[in-house]
Amino acid sequence: MKLLLLLLGLLALGWGVTLWKAARHEARAVAEYPPLGQFVTVDGARLHILQVGEGPDIVLIHGASGNMRDFTHDLVPRLAGRYRVTVVDRPGLGHSDRLDRDGATIFEQAGVLVRAVAELGVERPLVLGHSYGGAVALAWATHHPEAVSGLILLAAASNPWDTPLSTYYRVLSSPAGQVVAAPLLTAWVPDHVVTDTIASIFAPQPTPEGYADYIGAGLTLQRRALRENALQRAGILAEIRQMVPDYAGIDMPVEILHGDADTTVWLSIHSEPLSRQIAGANLVVMDGVGHSPHHAEPGTVIAAIDRAAARAGLR
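Conventions we followed
- Residues numbered from 1 in each chain as written.
- Predicted model: local features only at pLDDT ≥ 70, side-chain atom pairs only at ≥ 80, totals over all residues.
- Heavy atoms only, no water.
- Axes fitted to C-alpha atoms, helices over the stretch in contact; angles between N-to-C directions.
- Helix = DSSP H or I, 4+ residues; strand = E, 2+ residues; numbered from the N terminus.
- Parallel < 35°, antiparallel > 145°, perpendicular 65-115°, else oblique.
- Left-handed = near helix turned anticlockwise from the far one by under 90°.
- Contact = heavy atoms within 4.5 Å.
- Nonpolar A, V, L, I, M, F, W, Y, C, P; charged D, E, K, R; others polar.
- Expected span 1.5 Å × (residues − 1).
- Buried < 20%, exposed > 50% of the residue type's maximum accessible area, 1.4 Å probe, protein only.
- Pairing = 2+ DSSP bridges.
- Phe/Tyr/Trp six-rings, centres within 6.5 Å; stacked < 30°, edge-to-face > 60°.
- Lys NZ or Arg CZ within 6 Å of the ring centre and 35° of its normal.
- Salt bridge = Lys/Arg side-chain N within 4 Å of Asp/Glu carboxyl O.
- Arc of directions from axis to C-beta.
- Polar contact = N/O pair within 3.5 Å; in protein donor to acceptor, adjacent residues only side chain to side chain.

So, the packing of helix α5 (residues 132-143) against helix α11 (residues 223-243)
- For the pair α5 and α11, the least separation of the axes is 11 Å and the interaxial angle reads 40°. Compared by their axis directions, α5 and α11 come out oblique. Every pair of crossing elements has a handedness; the one defined by α5 and α11 is left-handed. Contacts between α5 and α11 pair Tyr132, Ala135, Leu138, Ala139 and Thr142 from the former with Gln232, Ile236, Glu239, Ile240 and Met243 from the latter.
- When the residues that make up the contact of α5 with α11 are grouped by side-chain class, the tally is seven nonpolar, two polar and one charged.

What follows is the structure, given as structure tokens:
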């Protein structure tokens, strides 16, 4: 009995230290990478939004695990001289609150973002989405077509795939993983593990200079962000299957950009079929480009934005 009590005491002590380290890690991340913009509250959830520039409206939606800094590192400054750019931290990520504890679907995220940007006077913007954010952009277009003028999709997840959910996401999205694994990761995983992973996402291009220090790896390792990202990732395949039949009804300018060296979201599975599913969509295949077209060839992306703006009558 005494041994059991000792073991329970050690476990409780270890868990207490884990929770303390997790909270400390989160506080350091927020202090080192504070909000860049303002907060808009929708249905009780505070969403972190930055708006800069003048001109036609464009909203930028980042991918899985990340935050708005993926865009503010380079693309936002390039666009702000000619567009009014609104960039968001998706629900549960960066500095934005979770919408609930079940993981926000792409449809829920699209709905709350439509209302959030409307609070800042943005009503029918161009919407650009990268990777997972591309699925949210498609949900915006299919479920709120009156609130978007055109789409720019970068390496967007858009069609069903066959590979199973990874063990990491299966564990972290499970009830036990939500309670136990997330605090353990926040407390004990160093930031460099995230920045090391970033390099594989950019491949075959190198990580942009200064990006790893700028993106805020500690924000990705927040318990809230880990839990929400895992649930979003676990749910997206079923949500995309639900959305695919709606693509035929998209009636707006659509620019699709995808690198043929992308091994995260495959061109042949996603953007090539999507270009046939949406009438009039323009597909640009970027030779030798990996999963981050906006970093690899920002000029190509900006040209696609300009085309969408012109086709939508915004320029």
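Some thoughts on helix α4 (residues 106-118)
- Spanning 13 residues, α4 covers 18 Å between terminal C-alpha atoms, matching the ideal 18 Å at 1.5 Å per step.
- A large share of α4 lies buried, amounting to 10 of its 13 residues.
- Every buried residue of α4 is accounted for by Ile106, Phe107, Gln109, Ala110, Gly111, Val112, Leu113, Val114, Ala116 and Val117.
- At its buried positions, α4 is contacted by β1 (38-42), β2 (45-52), β3 (57-61), β4 (84-88), α5 and α11.

Some details on the pairing of β3
- Of all five residues in β3, five are buried, a share of seventy percent or more.
- Where burial is concerned, the two faces of β3 agree: the one with Asp57, Val59 and Ile61 and the one with Ile58 and Leu60 are both buried.
- Judged from the five bridges that link them, β3 and β4 form a sheet pairing that is parallel. Residue pairing for β4: Ile58 is matched across the bridge by Val85.
- Where β3 and strand β5 (residues 126-130) come together, four bridges link them in parallel fashion. Bridging across to β5, Val59 finds its partner in Val127.

Concerning the packing of aromatic side chains
- According to the stated counting rule, one finds two aromatic pairs in the structure shown.
- Ring geometry for Phe202 and Tyr211: centres 5.0 Å apart, planes at 80°, overall edge-to-face. Take Phe202 and Tyr211: they sit in the same class, and that class is buried.
- Across from the ring centre of Tyr214, 4.9 Å away, lies the NZ or CZ of Arg69, which sits over that ring.
- Above the plane of the ring of Tyr83 lies Arg315, whose end atom (NZ or CZ) is 4.4 Å from the centre.

A closer look at the pattern of salt bridges
- Counted under the stated rule, the structure contains eight salt bridges.
- Note that Glu228 and Arg98 form a salt bridge whose closest N and O atoms lie 2.8 Å from each other. Of this pair, Glu228 sits in helix α11 while Arg98 is found in the loop between β4 and α4, placing the two residues 130 residues apart along the sequence. In terms of burial, Glu228 and Arg98 fall into one category: buried.
- Among the salt bridges present, the one from Glu255 reaches Arg311, with a minimum N-O distance of 3.1 Å.

Comments concerning helix α14 (residues 298-311)
- Taking 1.5 Å of rise per residue, the 14 residues of α14 would be expected to cover 20 Å, and the 20 Å separating its terminal C-alpha atoms lies within 8% of that figure.
- Residues Pro298, Val301, Ile302, Ala304, Ile305, Ala308 and Ala309 constitute the buried set of α14. Summarising the axial view, the buried residues of α14 lie within an arc of 155°, below the 170-degree limit, and thus occupy one face.
- Close packing links the buried residues of α14 with β3, α3 (75-79), β5, β6 (150-154), β7 (254-259) and α13 (293-296).

Structural notes on the side chain of Ser173
- Tracing the chain through its elements places Ser173 in helix α6 (residues 167-173).
- Given a relative accessible area of 17%, Ser173 falls into the buried group.
- A polar atom in the side chain of Ser173 sits 3.4 Å from the backbone oxygen of Arg170.

Re the sheet that holds β6
- Strand order across the open sheet formed by eight strands is β1-β2-β4-β3-β5-β6-β7-β8, with mixed pairing between neighbours. Across the chains shown, the open sheet's two edge strands, defined by having one partner strand only, are β1 and β8 (282-286). Shown here is a sheet whose adjacent strand axes are inclined to one another by a mean of 20°, direction ignored.
- In terms of strand pairing, β2 meets β4 through four bridges, oriented antiparallel. Paired with Val52 across the two strands is Val85, which belongs to β4.
- The sheet strands contacting α5 are β3, β5 and β6, and the helix crosses β5 at an angle near 150°.

Looking at the pairing of β1
- Bridge count for β1 against β2 is five bridges, and the pairing is antiparallel. By the bridge assignment, Gln38 is partnered in β2 with Ile49.
- Hairpin connection from β1 to β2: two residues lie between these consecutive antiparallel strands, with Asp43 at a positive phi of about 50°.

Considerations on the environment of Val76
- Note on placement: Val76 falls in helix α3.
- Classification of Val76 by relative accessible area gives buried; the value is 5%.
- As a C-alpha pair, Val76 and Ala212 span 136 residues in sequence and 17 Å in three-dimensional space.
- With sequence-adjacent residues up to four places away left out, Val76 is seen in contact with Val52, Leu60, Phe71, Val85 and Val87.

Read these as layout, nothing more, since geometry by itself doesn't imply function.
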